[in-house]
Amino acid sequence: MSRHEHEPTEAEAAEMFEPPSWEERYSGEQKVWSGNRNPQLLAEASALTPGTALDVGCGEGGDVIWLAQRGWRVTGADFSANGLARAAQHADEVGVADRIDWWQVDARTFAADGRSFDLVTTHFLHPPDGGMVEVTRRLSEAVAPGGHLLVVGHAPSGVFTHLTASHRNAMFLAQELLPALPADFEALVVEERPRTVVRDGTTVEVEDATLLARRRP
């Protein structure tokens, strides 16, 4: 979640959760994200045997490309057509386009519809009003038997005081997602992991709410 030149109103904040806002954000020439893989994906997926993966809310495709470079067959999903176009271009530039499929879908209405993956992951997807519990439940349906679900988000913190109440309320703790897991899932990691970031030239400590679960074979 990036800072704005002025503090957004709650109405403006609500619009930021919707596809048109992200289409606009991805319509410019400059990169929105660093292009690097997210640290908790590195921590958890590095130990997994490459198979099929789904990354929901993939944005410009940094995590998708990282997985593809390590032998995964990946589907990158996002509700922004512009974001997916950027991601596809980046994948082509680094030579992994043949290992990736793209899927335009809103995580809030996501349905597996018979698709299954060895790894389903999402990073820093924050639907409003506690909606991440329902998103996690939906994503769990796409995990193949024996596969893994990795959900990572911003944990609530005092360093986010510049954000609106609706954005802060969209953050979550890993344990708050546990009710979304079906009975055949085993939670392997349920914790907040500290991480140092630089924002506006200042180093701050944040925590990544991290849930890793495995579906029993």
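What comes next is a walk through the structure.

### Details of the pattern of salt bridges
Stage number 1. Counted under the stated rule, the structure contains 10 salt bridges.
Stage number 2. Among the salt bridges present, the one from Asp101 reaches Arg73, with a minimum N-O distance of 2.9 Å. Note that Asp101 is positioned in strand S3 (residues 100–104) and Arg73 in strand S2 (residues 73–78), a separation of 28 residues in sequence.
Stage number 3. A single salt-bridge network, built from bridges that share partners, covers Glu134, Arg137, Arg138 and Glu141.

### With respect to unusual backbone geometry
Stage number 1. With a phi close to 50 degrees, Asp113 is a non-glycine residue in the positive phi region.
Stage number 2. Considering the arrangement of structural elements, one finds Asp113 in the loop between S3 and strand S4 (117–123).
Stage number 3. With relative accessibility at 66%, the residue Asp113 sits in the exposed group.
Stage number 4. The phi torsion at Phe124 lies on the positive side, around 60 degrees, for a residue other than glycine.
Stage number 5. Within the secondary structure layout, Phe124 lies in the loop between S4 and helix H6 (132–140).

### Quick word on the packing of aromatic side chains
In this description, a pair of aromatic rings is defined by centroid distance and the angle of the planes.
Stage number 1. Per the stated rule, a full pass over the model turns up 1 aromatic pair.
Stage number 2. A centroid spacing of 5.3 Å and a plane angle of 50 degrees characterise the contact between Trp103 and Phe110, whose relative ring orientation is tilted.
Stage number 3. In this structure, Arg115 is placed above the aromatic ring of Trp103, and the distance from its NZ or CZ to the ring centre is 4.0 Å.

Cut-offs applied
Residues numbered from 1 in each chain as written. Predicted model: local features only at pLDDT ≥ 70, side-chain atom pairs only at ≥ 80, totals over all residues. Heavy atoms only, no water. Salt bridge = Lys/Arg side-chain N within 4 Å of Asp/Glu carboxyl O. Helix = DSSP H or I, 4+ residues; strand = E, 2+ residues; numbered from the N terminus. Buried < 20%, exposed > 50% of the residue type's maximum accessible area, 1.4 Å probe, protein only. Phe/Tyr/Trp six-rings, centres within 6.5 Å; stacked < 30°, edge-to-face > 60°. Lys NZ or Arg CZ within 6 Å of the ring centre and 35° of its normal.

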